[in-house]
Every structure is written in structure tokens, then in C-alpha cells.
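Remarks on the overall topology
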Amino acid sequence: LYGGLYKWTSPVTIQSDITLSGNATKIWIFQVSGTLNVSPAVKIHLTGGALAKNIFWQVAGAVTLGTTSHFEGIILGATGINMQTGATINGRMLAQTAVTLQMNTVTRPQ
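This write-up is about the structure you can find in this document. Everything numeric in this text was worked out from a predicted model, so none of it was measured.

Within the largest apolar cluster, 23 residues are counted, with the highest numbers of intra-cluster contacts made by I14, L36, W57, V63, L65, F71 and I75. Contributions of two or more residues to this core are made by β2 (12–14), β4 (28–32), β5 (36–38), β7 (55–59), β8 (63–65), β9 (70–77), β10 (81–83) and β11 (88–95). Setting aside anything within four residues of it in sequence, one finds L65 in contact with V38, F71, I75, N82, M83, Q84 and A87.

The following block contains the structure:
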């Protein structure tokens, strides 16, 4: 996926690896009207100089990052964010209710 605005009016499940491609000035905004679920072991990859600090996930429902998945970007959750065991993120998690961690690695985006 290249930089830009992406919108969904229903829940989103990421079931396989995805790649965000663009240089360090590109911005990605993902708006999800429902929940966002990342399946176990799924990874988000960055190429071409893309930076996690330029990726924004605005989610109206709950966010779940599956076991051992890897996520990139800043999650703005209207409800809870749950990182299952071994999940990692290069980014930030901001929720209106709670962020739940279960033996996870969180790296501040550069």
C-alpha cells in the first residue's frame, strides 16, 4: 500500500502480511469504523524509507494484535487496545479506555 487515506465502514481483519511502501515523507491514514484485528503471526512491513511515525490507525472499535504479530504505526483507539502474548509494535497505542499488554515489546517510532 502506498501513502494516502484508506477508509473502511466495517470491521477489518488483517489475515496476511502487508507492506507499506513509500519514502520518509509519505503519510498513511487508516480509518476503521468498526474493530481492527490482526491475525496471529501477521506482520506489517515498511519499505522505501517509510516511517512508523507517519502511519496513523484511527479505529472506532476495539483493536486486537494477535499472538506474535508485528504492527507499525500509531493506533488511535476509541475503545480498548489488546496486544496478545508476544505481539510487537513499532509505534504508539492511545486508547480512550485501556491498553492491555501481555509480554509484549513496544518501540517508540523514530
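Following the structure, the description resumes.
Let's shift gears to the sheet that holds β8. Through backbone hydrogen bonds, the strands of a sheet pair up, either in parallel or in antiparallel fashion. Pairing within the open sheet is parallel, and its five strands lie in the order β2-β5-β8-β10-β12. In the strand order of this sheet, the two ends are held by β2 and β12 (99–101), each with one partner. The average angle at which neighbouring strand axes cross in this sheet is 10°, direction not considered. In terms of strand pairing, β2 meets β5 through three bridges, oriented parallel. Within β5, the position partnered with V12 by the bridge is L36.

Before going further, it helps to examine the environment of A52. With respect to the helices and strands, A52 occurs in the loop between β6 (44–47) and β7. Taking the C-alpha atoms as reference, A52 lies 19 Å from G86; in sequence the two are 34 residues apart. If near-sequence neighbours (up to four positions away) are discounted, A52 is found in contact with L46, E72, G73, I74, N90 and P109.

With the exception of glycine, the majority of residues adopt a negative phi angle, and the majority of peptide bonds are in the trans configuration. In this structure, A41 is a non-glycine residue whose phi angle is positive, near 70°. Taking relative accessible area as the criterion, A41 reaches 45% and is therefore assigned partly exposed. For M103, which is not a glycine, the phi torsion comes out positive at approximately 55°. Within the element layout of this structure, M103 appears in the loop between β12 and β13 (105–107).

Scoring rules and cut-offs
- Residues numbered from 1 in each chain as written.
- Predicted model: local features only at pLDDT ≥ 70, side-chain atom pairs only at ≥ 80, totals over all residues.
- Heavy atoms only, no water.
- Core = buried A, V, L, I, M, F, W, Y, C linked by side-chain atoms within 4.5 Å.
- Buried < 20%, exposed > 50% of the residue type's maximum accessible area, 1.4 Å probe, protein only.
- Helix = DSSP H or I, 4+ residues; strand = E, 2+ residues; numbered from the N terminus.
- Contact = heavy atoms within 4.5 Å.
- Pairing = 2+ DSSP bridges.
- Axes fitted to C-alpha atoms, helices over the stretch in contact; angles between N-to-C directions.

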